[in-house]
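Next come the chains, spelled out residue by residue.
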Amino acid sequence: MDRNLALELVRVTEAAALACGRWVGKGDKMSADEAATEAMRRTLDSIGIDGTVVIGEGEMDEAPMLYIGEKVGTGQPPEVDIAVDPLEGTNICAKGLPGSIATIALAPKGGFLHAPDMYMEKIAVGPSARGVIDIHDSPSANLKRIAEAKGCRIEDLTVVTLDRPRHDRIIEDIRKVGARIHLISDGDVAPAIATAVEGSGIDMLIGIGGAPEGVLAAAALKCMGGDMQGRLVFMTQEERDRARDMGITDFDRVYSAEEMAGGDVVFAATGVTSGDFLRGVRYYAGGAETESIVMRSKSRTVRFIRSLHYFDHKPVY
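What counts, and where the lines are drawn
Residues numbered from 1 in each chain as written. Predicted model: local features only at pLDDT ≥ 70, side-chain atom pairs only at ≥ 80, totals over all residues. Heavy atoms only, no water. Domains from an automatic or database assignment. Buried area = accessible area lost by both parts, 1.4 Å probe. Salt bridge = Lys/Arg side-chain N within 4 Å of Asp/Glu carboxyl O. Polar contact = N/O pair within 3.5 Å; in protein donor to acceptor, adjacent residues only side chain to side chain. Helix = DSSP H or I, 4+ residues; strand = E, 2+ residues; numbered from the N terminus. Buried < 20%, exposed > 50% of the residue type's maximum accessible area, 1.4 Å probe, protein only. Expected span 1.5 Å × (residues − 1). Contact = heavy atoms within 4.5 Å. UniProt positions renumbered as here; feature names shortened; annotations may be inferred. 1 Å grid on protein atoms, 1.4 Å probe; cavity = no way out; pocket = protein on both sides within 12 Å on 5 of 7 lines; lining within 4 Å.

(A) Up close: the domain arrangement of the protein chain. By domain assignment, the protein chain separates into domain 1 (4–110 + 265–310) and domain 2 (119–260). Distance between the C-alpha centres of domain 1 and domain 2: 22 Å. With both sides pooled, the region where domain 1 packs onto domain 2 buries about 1900 Å², and carbon together with sulfur makes up 74% of that total. Counting the surface domain 1 buries against domain 2, the share from its top three residues, E88, D276 and F277, is 28%. For the interface between domain 1 and domain 2, the tally reads zero salt bridges. At the boundary of domain 1 and domain 2, one finds three residue pairs in polar contact (both at pLDDT 80 or more).

Structure representation (structure tokens):
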């Protein structure tokens with residue numbers, strides 16, 4: 001893939017963030033998500049790719065655009081698979097809380113795990129703790145190894161997990177060894193990425209969240225040299241049947257970041273509301289400002305981009 005494609009993707013996430021940023025704090029998550037999805041879809045059509053959405057807004061009969069299997073781009077090479085979440089953290093955007101982002105990832109055809117819309121158990125860390133995590137182990141055992149790898153005390157570590165009853169035992173185990181916990185209401189892609197951002201203050205993400213979001217997080221962590229493991233969590237037989245239809249036969253398999261996002265991966269995200277490593281959209285008279293991150297696994301280059309967007313209309317008072 002052309003290296004310039006990475007910067008083109010920033011235009012896609014910026015468009016989505018600028019569109020849904022108008023809905024921050026308005027309590028309408030559906031309108032926010034629709035605005036982000038429409039803007040992302042429109043901008044993708046101007047990008048020189050032959051793309052197929054493999055992680056998107058749902059099945060064809062569930063989503064009007066960016067559905068699984070939809071073709072996007074101008075139709076010219078390269079042929080790529082696309083994973084998108086136009087607004088990751090719809091609830092936190094609607095409530096004006098920190099950490100919602102617009103995000104997209106590209107991989108060569110067949111590069112992404114075709115994760116069904118279901119749960120995934122995840123554990124993620126940055127480069128300094130690469131190779132020491134084990135999803136089969138307890139959170140406390142993982143934290144001990146992470147602290148040793150980072151050369152710090154367990155009490156110095158901060159763990160992010162979704163604030164859900166299913167994580168009560170995880171939270172209890174983390175607190176037992178003295179690590180700090182940052183509970184989030186929604187949106188675990190940004191915290192997973194934050195584990196690999198120096199100075200973010202986030203050392204590990206753990207818990208059960210969405211499987212499509214797990215693939216997006218894996219794409220970013222692969223680019224940044226981080227580490228991640230994921231295992232699908234099946235709640236019903238219907239979920240098992242859907243997974244089988246998508247080519248998944250080993251229901252107990254633990255996937256690495258490389259297995260979830262293989263090949264030359266490109267990832268981009270733009271902040272919608274300010275979070276652990278990206279500032280949200282800021283509007284002013286005549287324009288707006290965004291902050292984005294874009295990365296590519298082949299070059300292991302991570303760029304933070306601050307953009308000023310000048311609007312051609314004047315505010316009406």
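(B) Here's a closer look at the environment of G209. You can see G209 is positioned in strand 8 (residues 204–210). In this structure, the C-alpha to C-alpha distance between G209 and L278, residues 69 residues apart in sequence, is 21 Å.

(C) The pattern of salt bridges, seen in detail. In the structure shown here, the tally under the stated rule is 19 salt bridges. Here R164 ties to D186 by a salt bridge, and the two come within 3.3 Å at their closest N and O atoms. Of the two residues, R164 is situated in the loop between strand 6 (158–162) and helix 5 (168–177) and D186 in the loop between strand 7 (180–184) and helix 6 (189–194); the sequence distance between them amounts to 22 residues. Judged by relative accessible area, R164 falls into the partly exposed class, the value being 24%. Among the salt bridges present, the one from D264 reaches R296, with a minimum N-O distance of 3.0 Å.

(D) Structural context of helix 4 (residues 139–150). Across its 12 residues, helix 4 extends 16 Å between first and last C-alpha, which sits within 8% of the 16 Å expected from 1.5 Å per residue. Next to the buried residues of helix 4 lie strand 5 (119–125), strand 6, helix 5 and strand 8. Count one or two residues on from helix 4 and you reach G151, which has phi positive near 70°.

(E) Quick look at the UniProt feature "binding site: Mn(2+) 2" (unreviewed entry) in the protein chain. Following the UniProt record, one finds the feature "binding site: Mn(2+) 2" (unreviewed entry) at D85, E88 and E213. A stretch of 129 residues holds the annotated residues, and the largest C-alpha distance among them is 8.2 Å, short enough that they meet in one place. In this structure, the largest pocket is lined, among the annotated residues mentioned, by D85, E88 and E213. Mapped onto the elements, E88 comes out in strand 3 (residues 79–88). You can call E88 buried: its relative accessible area is 3%. Of note, E213 is situated in helix 7 (residues 211–224). In contact with E213, not counting residues within four places along its chain, are D85, E88, K122, D188 and V189.

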